[in-house]
Amino acid sequence: MYAKRLQQLKPYVPGEQPKDREYIKLNANENAYPPSKAVSEAIASTALIRPEVLARYADPDANALRKAVADMLNRTGGCFCNAEDAAAKITSPITPDMIFCGNGSDEVLSFVFYAFFDSDRPIVTLEHTYSFYPVYAGYYGMQLEKVPLEKDWSVNPEALMAAAERTGTTGMIFANPNAPTGRALTMAQIRSMLDRFPKDRIFVVDEAYADFGTESAISLLSEYPNLLVIRTSSKSLSFAGMRLGFCVGSPDLINAIITVKNSFNHFPVDAICQVAGQAACADYSYYAANARKIAETRDAFSARLSAAGYRVVPSCTNFVMVEHPSIAGADVYKAVKEAGILIRHFATPGIENYVRITIGTPEQMDALASVMEKL
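(A) Highlighting the overall build of the protein. A count of helical and extended segments in the protein gives 13 helices and 13 strands. For 375 residues, the compact-globule estimate of 2.2 N^0.38 gives 21 Å, and the C-alpha radius of gyration of the protein, at 20 Å, lies within 12% of that figure. Projecting the C-alpha coordinates of the protein onto the three principal axes gives extents of approximately 55 × 55 × 55 Å. Every one of the 375 residues in the protein was classed for burial, and the buried ones make up 53%.

Encoded structure:
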């Protein structure tokens, strides 16, 4: 009755959402702040003033949304925390035909795996990175070549390149900043890798967290036609409940993804989401301010935990990875949960003694720090 391939699937496990009590939820890397008022107004005006929009299929290519995304990227350089400096690095403007939008970055990633990775050669990635990569590799019957991180959890670009050369890779994908570690490669390091990487293989940089304190590889797109940058609105744009992701690359790469989309789901982004996404992109200054607040809260919280004896991995994201010097990660997670706060523990060998903590409001982080200082 069931296909054999179903038995081989290992689904992604999201952060828990228990209903037994009210929790401070710091386990899913959601944004601490709500979307801007412009988004709420756009949704309300569409659903209430123009309800006929809901009775018609949305633009299958999300053209107005793609233009809004391109405009936002050109104004911010793809980085909210240092938008003015980053925007100056976009020497060749991003155009709408360089954008693809989908139902969250996970759907975009699925299309990317299908369009650019073959199963006869391994995909180079990191040992500890976004855990949906192994899920999609298994789903499509692909191999992964996992490259270990350094002892300080930094990414070694030379190790990635050595793996690519050794395996004759079908392509490379990694998160920058990386998750769940929070560390990032510089653009100089990524440029050096692209200079050496085969020009006929895809090079994917997943920038789900770039807005919280690093540079964006979007500034390199005009130089490297095989570079593809994945972005999500779930983090810096406060859209985790809306589901909107996008990728940025050459028009040829985007057209390949559109071919996959049109062979799977012709209408991926619904009408309300397209309207809301346009409003969010136009109000980017609101989200840039929030990203800076989150970065400031992250640094203050990290300093406080470090002073309490915890090992805190330096982070460029809206989360931190933390290890207690003498208590197992699972026990830290349980103790914090008993106090009414949810954080994330991964039972994955190699990081099992760590917990990953989303950065919330200053008040939420103060409450969590008070609990963790007593452990």
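(B) Examining the sheet that holds strand β13 (residues 354–358) more closely. Read from one edge of the open sheet, four strands run β9-β10-β13-β12, paired in antiparallel fashion. Two strands bound the open sheet, and with one partner strand each, they are β9 (311–312) and β12 (344–345). Two strands pair when backbone bridges link them, and β12 and β13 are joined in this way by two bridges, in the antiparallel orientation. By the bridge assignment, Arg344 is partnered in β13 with Arg356.

(C) Quick look at empty space enclosed by the protein. The final tally for this structure, using the stated rule, is four cavities of 30 Å³ or more. Looking at the largest cavity, its volume works out to about 70 Å³. Taken together, Met72, Leu73, Thr76, Gly78, Phe80, Asp211, Arg231, Thr232, Ser236, Leu237 and Phe246 form the lining of the largest cavity. For the lining of the largest cavity, the secondary structure elements donating two or more residues are α3 (63–76) and β7 (227–232). By residue number, the principal contributor to the lining of the largest cavity is α3, which donates three residues.

(D) Unusual backbone geometry, seen in detail. In this structure, the amide linkage connecting Asn176 to the following residue, Pro177, adopts the cis form with an omega of 0°. Inspection of the secondary structure puts Pro177 in the loop between β5 (171–175) and α8 (187–196). Following Ala179, the chain continues to Pro180 via a peptide bond in cis, the omega torsion being 15°. Relative to the helices and strands, Pro180 resides in the loop between β5 and α8. Positive phi outside glycine occurs at Ser238, with the angle close to 60°. If you trace the backbone, Ser238 turns up in the loop between β7 and β8 (245–248).

(E) Layout of the sheet that holds β8. Reading across the sheet, the seven strands line up as β2-β8-β7-β6-β5-β3-β4 and stay open at both edges, with mixed pairing between neighbours. Each of the sheet's edge strands pairs with one partner strand only, and the pair in question is β2 (99–102) and β4 (144–147). Strand-to-strand, the axes of this sheet are offset by a mean angle of 20°, without reference to chain direction. Here strand β6 (residues 202–206) runs beside β7; their pairing, made up of four bridges, is parallel. Residue pairing in the sheet places Phe203 in a bridge with Leu227 of β7. Relative to β4, helix α6 (residues 132–139) is tilted by about 160°, and along the sheet it contacts β3 (123–126), β4, β5 and β6.

(F) Molecular detail of the pairing of β3. Burial of the side chains of β3 extends over both faces: Ile123 and Thr125 are buried on one face and Val124 and Leu126 on the other. With four bridges joining them, β3 and β4 adopt parallel strand pairing. Of the residues in β4, the one forming a bridge with Leu126 is Val147. Taken together, β3, α6 and β4 constitute a β-α-β crossover, and its handedness is right-handed. Pairing geometry for β3 and β5, over two bridges, is parallel. Opposite Val124, over in β5, you have Met172 as the bridge partner.

Definitions and cut-offs
- Residues numbered from 1 in each chain as written.
- Predicted model: local features only at pLDDT ≥ 70, side-chain atom pairs only at ≥ 80, totals over all residues.
- Heavy atoms only, no water.
- Helix = DSSP H or I, 4+ residues; strand = E, 2+ residues; numbered from the N terminus.
- Rg over C-alpha atoms; globule rule 2.2 N^0.38 Å.
- Buried < 20%, exposed > 50% of the residue type's maximum accessible area, 1.4 Å probe, protein only.
- Pairing = 2+ DSSP bridges.
- 1 Å grid on protein atoms, 1.4 Å probe; cavity = no way out; pocket = protein on both sides within 12 Å on 5 of 7 lines; lining within 4 Å.
- Points joined across faces, edges and corners; volume = space filled by probe spheres on them.
- Axes fitted to C-alpha atoms, helices over the stretch in contact; angles between N-to-C directions.
- Contact = heavy atoms within 4.5 Å.
- Right-handed = clockwise from strand over helix to strand, strands pointing away.

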